[in-house]
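Below, each chain spelled out in residue letters.
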Amino acid sequence: MPETHTHPVHVRPAVLADDAVLGDLDRATWSTLHAVTPRPQPPYEPFFDERHRPESILVAEAGEGGGGPRPAGYLRLVPPTPLACNTHVRQIQGLAVAEWARGRGVARTLLRAAFAAARADGANRMTLRVLGHNAPARALYESEGFVVEGVLPGEFFLHGRYVDDVMMGRSLTP
């Protein structure tokens, strides 16, 4: 039986040099399970832009097979608005895990790193939005303490059917 190598998942802040690999990962993980925008088509936009800066992205790295660590996923964590009255909140606005890295705890590790980063930045609450039919993501979020705080029924018309937009949130205080 071949020897298997398992590498721990390490999370780090994104850097500008991650643009191409994160763009590739984002396109490779596009799915009707979570996307409300059409499948990206060439020529592709840069992953980072004025609204999506490296400082708002956490990158998970893990090894594949016998290879060294490489980006396995990312999480975009931002203030939900520019208003001073809700600077205590951070919102997850994107989470993706490479197909080869699924089932290895990458998403859970990214979530926990986001909790720590948000707390370190003074936040005490985290929110997100998830499509109602995305049962795997909803189960993960619930297992990490998120609760459904609201539902916009039929908010999106995707692939011939209406899909709910589910708002979830959790406290970051002990």
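Because the structure is predicted, anything quoted here is derived from the model rather than measured.

Take the layout of surface pockets next. Computed from the structure, the largest pocket encloses a volume of approximately 1,700 Å³. Where the lining of the largest pocket is concerned, the elements lending two or more residues are α1 (19-28), β3 (69-78), β4 (89-97), α2 (106-120), β5 (125-131) and α3 (135-143). Looking at which element gives the most residues to the lining of the largest pocket, the answer is β4, with 7 residues. Considering only residue class, the lining of the largest pocket consists of 26 nonpolar, 13 polar and 11 charged.

Turning next to the packing of α2 against α3. Put simply, α2 and α3 touch, their axes get as near as 11 Å, and they point 45° apart. On the basis of the axis angle, α2 is oblique to α3. Regarding α2 and α3, the two cross each other, and that crossing is right-handed. Residues Ala107, Arg108 and Leu111 of α2 lie in contact with α3, whose contacting residues are Leu140, Tyr141 and Ser143. Per-class residue counts for the contact of α2 with α3 are 4 nonpolar, 1 polar and 1 charged.

The next subject is the nonpolar core. Among the nonpolar cores identified, the biggest contains 37 residues, and Leu22, Ile57, Ile92, Leu111, Met126, Tyr141 and Phe146 are the most heavily contacted of them. For this core, the element with the most residues is α2, which contributes 7 residues. Those residues within four positions of Leu22 in sequence are excluded, and the remaining contacts are Ala14, Phe47, Phe48, Ile57, Val59 and Tyr74.

Another point: the sheet that holds β3. Spatially, β1-β2-β3-β4-β5-β7-β6 is the arrangement adopted by the 7 strands of the open sheet, whose pairing is mixed. Edge positions in the sheet fall to β1 (10-13) and β6 (147-158), since each of these pairs with one other strand and no more. Across this sheet, the average inter-strand angle for adjacent strands is 30°, counted without regard to direction. Pairing of strand β2 (residues 57-63) with β3 involves 7 bridges; the strand directions are antiparallel.

Calculation criteria
- Residues numbered from 1 in each chain as written.
- Predicted model: local features only at pLDDT ≥ 70, side-chain atom pairs only at ≥ 80, totals over all residues.
- Heavy atoms only, no water.
- 1 Å grid on protein atoms, 1.4 Å probe; cavity = no way out; pocket = protein on both sides within 12 Å on 5 of 7 lines; lining within 4 Å.
- Points joined across faces, edges and corners; volume = space filled by probe spheres on them.
- Helix = DSSP H or I, 4+ residues; strand = E, 2+ residues; numbered from the N terminus.
- Nonpolar A, V, L, I, M, F, W, Y, C, P; charged D, E, K, R; others polar.
- Axes fitted to C-alpha atoms, helices over the stretch in contact; angles between N-to-C directions.
- Parallel < 35°, antiparallel > 145°, perpendicular 65-115°, else oblique.
- Left-handed = near helix turned anticlockwise from the far one by under 90°.
- Contact = heavy atoms within 4.5 Å.
- Core = buried A, V, L, I, M, F, W, Y, C linked by side-chain atoms within 4.5 Å.
- Buried < 20%, exposed > 50% of the residue type's maximum accessible area, 1.4 Å probe, protein only.
- Pairing = 2+ DSSP bridges.

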